[in-house]
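Residue strings, one per chain:
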Amino acid sequence: MSAVKPAPRGYSRIQIILHWVVTVLIVSQIVFQGAMSKAWDAFKDGAQIAFNPLVAAHVFGGLAILVFAVWRLSLRYTRGVPAAPEGSAIGNMVGSLVHFGLYALMIVMPVSGAVAWFGGVTQAAETHSSLKFLVIVLVVVHVAAALLHQFVLKDNLLMRMKQPAD
């Protein structure tokens, strides 16, 4: 029987890079989603859709988020992640739920968007659109928690996503 592998001291360089690349991609998806919404409305109305680089960036950005999320999950499984910070059980549970939700959405959003865009499935587009608010909420909670740890709890948690442990 194999022994349980101890949690790493921190995140690896690739885990940190993937985190920040996905962060930029998700923020870009939110900020520039208007072009995609207009293109989808035109598609639903049967209109010809002219090439728009923002639409292409949204499609390819979503697919990149999916690939990077799967990569990140595989790294979590094979390498592990640092232990949760010392704190309340409720805080750690909320942190775990937020991370689970973010990973789930980094998979569900690109899949539903691809099914809508490439398959023309209206229900997938509606699901994709309705989950947008949840993504924003979870991102805000995630950022607020990171800032709480850095500036209120002063436990230097944010450093784990800045300085690799490998």
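Parameters at a glance
- Residues numbered from 1 in each chain as written.
- Predicted model: local features only at pLDDT ≥ 70, side-chain atom pairs only at ≥ 80, totals over all residues.
- Heavy atoms only, no water.
- Helix = DSSP H or I, 4+ residues; strand = E, 2+ residues; numbered from the N terminus.
- Buried < 20%, exposed > 50% of the residue type's maximum accessible area, 1.4 Å probe, protein only.
- Contact = heavy atoms within 4.5 Å.
- Phe/Tyr/Trp six-rings, centres within 6.5 Å; stacked < 30°, edge-to-face > 60°.
- Expected span 1.5 Å × (residues − 1).
- Arc of directions from axis to C-beta.
- Core = buried A, V, L, I, M, F, W, Y, C linked by side-chain atoms within 4.5 Å.
- Patch = residues over 30% accessible without salt bridge, like charges linked within 9 Å, V, L, I, M, F, W, Y side chains within 5 Å.
- Areas by Shrake-Rupley, 256 points an atom, 1.4 Å probe, with all protein chains shown as cover.
- Salt bridge = Lys/Arg side-chain N within 4 Å of Asp/Glu carboxyl O.
- Axes fitted to C-alpha atoms, helices over the stretch in contact; angles between N-to-C directions.
- Parallel < 35°, antiparallel > 145°, perpendicular 65-115°, else oblique.
- Left-handed = near helix turned anticlockwise from the far one by under 90°.
- Nonpolar A, V, L, I, M, F, W, Y, C, P; charged D, E, K, R; others polar.

Caption draft 1: Structural detail: the side chain of H19. Looking at the element boundaries, H19 is found in helix α1 (residues 13–31). What makes H19 buried here is its relative accessible area of 9%. Once residues within four sequence positions are removed from consideration, H19 is found in contact with R72, H142 and M161.

Caption draft 2: Molecular detail of the packing of aromatic side chains. Following the criterion strictly, the structure yields three aromatic pairs and no others. Measuring from ring centre to ring centre gives 6.4 Å for F43 and W117, while their planes differ by 45 degrees; the resulting arrangement is tilted. Placement of the pair is F43 in helix α2 (residues 33–44) and W117 in helix α4 (residues 89–119), with a sequence separation of 74 residues. Residue F43 is classed as partly exposed on the basis of its relative accessible area, which comes to 35%. A residue is classified by how much of its surface remains accessible, and W117, at 21% relative accessible area, is partly exposed.

Caption draft 3: Spatial organisation of the side chain of S112. Mapped onto the elements of the fold, S112 is located in helix α4. The exposure class assigned to S112 is buried, which follows from its relative accessible area of 8%. Leave out the neighbours within four places in its chain, and S112 touches A124 and H128.

Caption draft 4: A look at α1. Spanning 19 residues, α1 covers 27 Å between terminal C-alpha atoms, matching the ideal 27 Å at 1.5 Å per step. Buried within α1 are the following residues: Q15, I16, L18, H19, V22, I26 and Q29. The arc enclosing the buried residues of α1, seen along the axis, measures out at 160 degrees, which places them on a common side. Opposite the buried face of α1, by more than 90 degrees, sit the exposed residues V24 and V31. On the buried face of α1, the contacting elements are α2, α3 (53–78), α4 and α5 (122–152).

Caption draft 5: Local environment of the nonpolar core. By size, the foremost hydrophobic cluster in this structure holds 13 residues, and its most contacted members are I26, L105, M106, M109, V135 and L138. When contributions to this core are tallied by element, the ones reaching two or more residues are α1, α3, α4 and α5. The element contributing the most residues to this core is α4, with six residues. Discounting residues that sit within four places of it in the chain, V135 has contacts with I26, I30, L105 and M109. If you look at the next biggest cluster of nonpolar residues, it comprises five residues, including A35, M36, A39 and V55.

Caption draft 6: Summary view of a nonpolar patch on the surface. Residues V27, I30, V31, F32, L54, I136 and V140 make up a contiguous nonpolar surface patch of roughly 570 Å² in combined accessible area. Counting residues per element, the ones that place at least two in the nonpolar patch are α1 and α5. Looking at the nonpolar patch, the element that brings in the most residues is α1, giving three residues. Looking at the secondary structure, you find I136 in helix α5.

Caption draft 7: The arrangement of the packing of α1 against α3 in detail. Running from amino to carboxyl end, α1 crosses α3 at an angle of 150 degrees, the nearest separation of the two axes being 10 Å. With respect to each other, α1 and α3 are oriented roughly antiparallel. α3 is crossed by α1, and the crossing has left-handed handedness. Contacts between α1 and α3 pair I14, Q15, L18, H19, V21, V22, L25, I26 and Q29 from the former with A57, H58, G61, G62, A64, I65, F68, W71, R72, L75 and R76 from the latter. For the contact of α1 with α3, the per-class residue count stands at 12 nonpolar, six polar and two charged.

These figures capture arrangement, not role.
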